[in-house]
Amino acid sequence: MSAATKEPLLMEKIVSLCKRRGFIFQSSEIYGGCGGVWDYGPLGAELKRNLRDAWWRTMTRDRDDVLGLDASILMNPAIWKASGHVDTFADLMRECTLTNKRVRADHVDPQSGTAMRFSGAESPTGWKSARVIEALLKNGEHIESFRKRVRAFIAQNAGESAGAAELIVLLGEEKIEVVEDSVDFHPETGGRLNEARPFNLMLRTFLGPTATEADVTYLRPETAQAIFAQFKNVLDSSRIKVPFGICQIGKAFRNEVTPKNFTFRSREFEQMELEFFIKPDEAIEAVHGRVAVYAEGVDLSVPQDDWGWEMWHRYWVDQRTKFYNGIGLSTDVLDYHWQTKEELAHYARACVDILCQFPFGTEELEGIAARGDFDLSAHQKHSGKPQEFFDEPLKMAVAAWDDARRSAFVEKKLAEQRDKGAQGLPEEETRHWCERFFKGNYVPHVIEPSAGLDRLALAILCTAFCEEVKTDDKGKSETITVLRLHPRVAPIKVGIFPLLKNKPELVAKAREVHALLRKSMVCFYDETASIGRRYARQDEVGTPFGVTVDFETLGEQGPELQDTVTVRERDGGAQHRIKISDLPAWLAQRLA
RNA sequence: GCGGGUAUCGCAUAAUGGUAGUGCAUGAGCUUCCCAAGCUUAUGGCGAGGGUUCGAUUCCCUCUACCCGCUCCA
């Protein structure tokens, strides 16, 4: 992961452009806003739609092995129990008042020492804080090393304004009390913990007008769980076989602690997720005698029968990269982060983040995780409904095994699970898994490419944003703004202009051209201001082409140029003289 | 959630305890106008709520939103 140079000023310009030209507005602005949510204006709505459509086309319409789904946002809360979302965040949490670090209320180890209090702190930089600080001087700890620790945490919290930690002066130090086995201090930092309170990042709501506790459900925190919950229905209704995928685009909601960086981290956002179900490696090996192994430079373009989870994972990283390249995010603004063993969730085998360079840093656009059979198995267990796929070739292959080979297979599985320790399956479940496997049944594994649509829209805007200083003949220079959007995602494809608006013939002809083109693409007709200004307006919103109707179009320079128009390119400003009748095809070719 | 900062027409900015100004943008008009041209003209603003005051955009308090740094990010 490269540390991109942060450019807060650039971000401000982009935010300003987004508002000025109708891409993105603050939600509920006339009432003072609403934290962490944003609205898309006319051009933003088109941009987002183009991105959404491009994803949908690439992921399902252009493929034989991925099907679409459009599930509801509200679901049975049991889904969030099964997925682990409810439990993970239903805990009571306490925060350290010194560092704001959070701990589970029931996970605080008792400590002994002397509780100390400071009335505030100040620094030679002029920074001052009147916040009362309480922390535990642990038994045996030297008072100076204690003070040093407190200063370091204060400096960290205060940011740049407080300056160096060692220069901070602690004010009004006093001993409060000697404590024995207290659970009111953070086990690592020693800071006083505040009151315990529930911490849930899911948005709670009530399904049904009585709004009692029995009606509680949640706005989905991710779209993926609906795909798992409908896995069997899609499988049974679509005559499709593993490997195959189910994809979905939709809103998701999270009570983010800190929404930030414009639309990048919002509380309401749109996700584009694919769950691609694959055979377990054991099934590949049973049928094909081997599992293909990834090696640098191996061909990932066409899926093969002997691919296990690793190849499929690599395949999707490759596919997703090609998608981004195709809508204007070139390889030089993208980056990859392969999560380390420590970062991975316990059920995940691998996870790659595809990152993009934003003005505020290099941040995640998409995560592609190999999640094993964790999700479907969890739903199978919680719902009591089988989530298995019956694999005919597997059944045939295993039918040929003798008893010795079967028991060796079982022993090997048991050993694998034992090696995983607490994370491994109990012996009984492993034996059951093997039994089902021998009959050709298994819970498919899954590769999950999960992307944020709002993040993508922001990435597209940020990377397209371009300022140029232009100097005219008189030496007067000004800064012009161009959005170099890929024609495929640009909200407006072509601007149509009569050279002058006070000549009815020009206006009529331009309106004709507009009527012709709007049938196949988003157009913008503009007859006000000078022609240069109209070009500039379109440049600023990323319109790739401009069409100008002039006096030659009307035949003033003879029949040669009659019914031709000037087509002007946004990037480079090159002009072409094109027959009106050829325009739709000429433009369509360049917008594909 | 903590600390720091910001809030003035759509955008960018100025000044002020006493009728809030400018540039750009926007609307109307003139112009044979191909890269933000010129001229005329119009619309439009002190984030919300309290307090101090004869009078508050300005001073004080509270709230809200946004930005930066921590923190969080299934």
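How would you explain the layout of surface pockets if you had to name every residue and give the values?
Taken as a whole, the second largest pocket spans an internal volume of roughly 1,400 Å³. For the lining of the second largest pocket, the secondary-structure elements that each account for two or more residues are helix H4 (85–89), strand S16 (268–278), strand S18 (350–358), strand S19 (361–372), helix H10 (374–383), strand S22 (445–452) and helix H14 (453–464). In terms of residues, the lining of the second largest pocket owes the most to one element, S19, which gives eight residues. Of the residues contributing to the lining of the second largest pocket, the split by class is 19 nonpolar, 14 polar and 16 charged.

Quick rundown of the sheet that holds strand S26 (residues 523–525)? Include the residues and the values.
Judged by pairing direction, the sheet is mixed, and its five strands sit side by side in the order S26-S25-S27-S28-S29 without closing on themselves. Either end of the sheet is taken by a strand with one partner, and the two such strands are S26 and strand S29 (575–579). Strand-to-strand, the axes of this sheet are offset by a mean angle of 25 degrees, without reference to chain direction. Strand direction decides the pairing type here: strand S25 (residues 494–498) and S26, joined by three bridges, are parallel. Note that in S26 the partner of Val-494 across the bridge is Cys-523. On top of the sheet, helix H17 (residues 583–591) reaches S25, strand S27 (545–549), strand S28 (564–569) and S29; it is set at about 165 degrees to S27, its chief contact.

Report on helix H7 (residues 231–238), specifying residues and quantitative values.
Among the residues making up H7, those that are buried are Phe-231, Val-234 and Leu-235. Projected down its long axis, H7 shows its buried positions confined to an angular sector of 100 degrees, all on one face. Across from the buried face of H7, at angles greater than 90 degrees, the exposed residues are Asn-233, Asp-236 and Ser-237. For H7, the secondary structure elements touched by its buried residues are strand S3 (66–69), helix H6 (224–229), strand S15 (244–253), S16, H10 and strand S20 (389–390). Looking at the residues trailing H7, positive phi occurs at Arg-239, about 50 degrees.

So what's going on with the pattern of salt bridges? Which residues, and what values?
According to the stated counting rule, one finds 35 salt bridges in the structure shown. With a shortest N-O distance of 3.0 Å, Glu-213 and Arg-204 are connected by a salt bridge. The salt bridge involving Asp-571 is made with Arg-570; its shortest N-O contact spans 2.9 Å.

A description of the environment of Pro-426 should follow, citing residues and the corresponding values.
Locating Pro-426 in the fold gives a position in the loop between helix H12 (403–419) and helix H13 (427–438). A sequence separation of 12 residues divides Pro-426 from Leu-414, and the C-alpha atoms of the two residues are 8.7 Å apart.

Describe the packing of aromatic side chains, listing the residues and the values that go with them.
A full pass over the atoms with the stated rule returns 27 aromatic pairs. Ring centres of Trp-307 and Tyr-315 lie 5.5 Å apart, and the angle between their planes is 55 degrees; this geometry places the pair in the tilted category. Note on accessibility: Trp-307 and Tyr-315 belong to one class, buried. When the centroid spacing of 6.1 Å and the interplanar angle of 70 degrees are considered together, the rings of Trp-401 and Phe-438 count as edge-to-face. Placement of Trp-401 in the loop between helix H11 (392–399) and H12 and of Phe-438 in helix H13 is noted, with a sequence separation of 37 residues between them. Exposure class is identical for Trp-401 and Phe-438. Each is buried. Grouping aromatic residues by their ring pairs yields a cluster made of Phe-276, Trp-307, Trp-312, Tyr-315 and Trp-316. Above the ring of Tyr-294, the side-chain terminus of Arg-314 is found at 3.7 Å from the ring centroid. We note Arg-455 situated over the ring of Phe-264; from NZ or CZ to the ring centre the distance is 3.9 Å.

Could you give me a rundown of the protein's contact with RNA strand B, with the residues and numbers involved?
The immediate surroundings of RNA strand B are formed by 57 residues, with Gln-26, His-85, Arg-265, Arg-533 and Asp-550 found nearest. For RNA strand B, the fraction of protein-proximal atoms (within 4 Å) that sit in sugar or phosphate groups is 57%. A distance of 2.9 Å separates a phosphate oxygen of RNA strand B from a polar backbone atom of Gly-36. One of the side-chain N or O atoms of Arg-537 is found 2.5 Å from a phosphate oxygen in RNA strand B. Those elements giving two or more residues to the surface near RNA strand B turn out to be helix H1 (8–20), H4, helix H5 (143–158), strand S24 (477–483), helix H16 (531–540) and S28. Considering each element in turn, the surface near RNA strand B owes the most residues, seven residues, to H16. Its residues placed into classes, the surface near RNA strand B shows 18 nonpolar, 19 polar and 20 charged.

Here is what the cut-offs are and how they apply
Residues numbered from 1 in each chain as written. Chains lettered and ligands numbered in written order. Predicted model: local features only at pLDDT ≥ 70, side-chain atom pairs only at ≥ 80, totals over all residues. Heavy atoms only, no water. 1 Å grid on protein atoms, 1.4 Å probe; cavity = no way out; pocket = protein on both sides within 12 Å on 5 of 7 lines; lining within 4 Å. Points joined across faces, edges and corners; volume = space filled by probe spheres on them. Helix = DSSP H or I, 4+ residues; strand = E, 2+ residues; numbered from the N terminus. Nonpolar A, V, L, I, M, F, W, Y, C, P; charged D, E, K, R; others polar. Pairing = 2+ DSSP bridges. Axes fitted to C-alpha atoms, helices over the stretch in contact; angles between N-to-C directions. Contact = heavy atoms within 4.5 Å. Buried < 20%, exposed > 50% of the residue type's maximum accessible area, 1.4 Å probe, protein only. Arc of directions from axis to C-beta. Salt bridge = Lys/Arg side-chain N within 4 Å of Asp/Glu carboxyl O. Phe/Tyr/Trp six-rings, centres within 6.5 Å; stacked < 30°, edge-to-face > 60°. Lys NZ or Arg CZ within 6 Å of the ring centre and 35° of its normal. Near = heavy atom within 4 Å. Polar contact = N/O pair within 3.5 Å; in protein donor to acceptor, adjacent residues only side chain to side chain.

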